[in-house]
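In case you want the letters, here they are:
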Amino acid sequence: MRAARALLGIDQRALAKLAGVSVPTIQRMEASDGNVRGIVESLTRVVDALNRAGVELIGERARSEDGGRGVRLRQASPPAGRDDA
């Protein structure tokens, strides 16, 4: 999630706003070791928000030019609701 935020140039507060979840929820998710833990609905909201913003999440066995898990930016435009403050 931190990598996805970095690609978008947004902070935890902006991601929370885009996803409709609280900042502490984002903080707990990002503090997870290994797999991100959280309530399924909250995880779904965050993933959907990242997808809408143009981030492609790459699963462990998903096709990727370089292999492995990760994130990549599909588009260069900033997400709606970006907080530059």
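Residues numbered from 1 in each chain as written. Predicted model: local features only at pLDDT ≥ 70, side-chain atom pairs only at ≥ 80, totals over all residues. Heavy atoms only, no water.

Draft legend 1. Local environment of helix α2 (residues 12-19). Along α2, the positions that sit buried rather than exposed are A14, L15, A16 and A19. Next to the buried residues of α2 lie α1 (2-8), α3 (23-31) and α4 (40-53). One side-chain oxygen at the N-terminal end of α2 lies 3.3 Å from the backbone nitrogen of R13; it belongs to D11. The first or second residue beyond α2 is G20, which carries a positive phi of 75 degrees. (Buried < 20%, exposed > 50% of the residue type's maximum accessible area, 1.4 Å probe, protein only. Helix = DSSP H or I, 4+ residues; strand = E, 2+ residues; numbered from the N terminus. Contact = heavy atoms within 4.5 Å. Polar contact = N/O pair within 3.5 Å; in protein donor to acceptor, adjacent residues only side chain to side chain.)

Draft legend 2. Up close: the pattern of salt bridges. In this structure the tally under the stated criterion is two salt bridges. As a salt-bridge pair, R45 and E41 come within 3.0 Å of each other at their nearest N and O atoms. Of this pair, R45 and E41 both sit in helix α4, separated by four residues, roughly a single helical turn. For E41, a relative accessible area of 49% gives the class partly exposed. (Salt bridge = Lys/Arg side-chain N within 4 Å of Asp/Glu carboxyl O.)

Draft legend 3. Focus on the UniProt feature "domain: HTH cro/C1-type" (unreviewed entry) in the protein. The UniProt record marks residues 1-30 with the feature "domain: HTH cro/C1-type" (unreviewed entry), using the residue numbering of this structure. The span residues 1-30 shows a helical share of 77% and a strand share of 0%, and its end C-alpha atoms are spaced 6 Å apart. (UniProt positions renumbered as here; feature names shortened; annotations may be inferred.)

Draft legend 4. Representation of the nonpolar core within the structure. Grouped together as the largest cluster of nonpolar side chains are 15 residues, with contacts concentrated most on L8, L15, V21, I26, V46 and L50. Listing elements by their share of this core, those giving two or more residues are α1, α2, α3 and α4. Those residues in contact with L50 that lie beyond four places of it in its chain are A4, L8, L15, V55 and L57. (Core = buried A, V, L, I, M, F, W, Y, C linked by side-chain atoms within 4.5 Å.)

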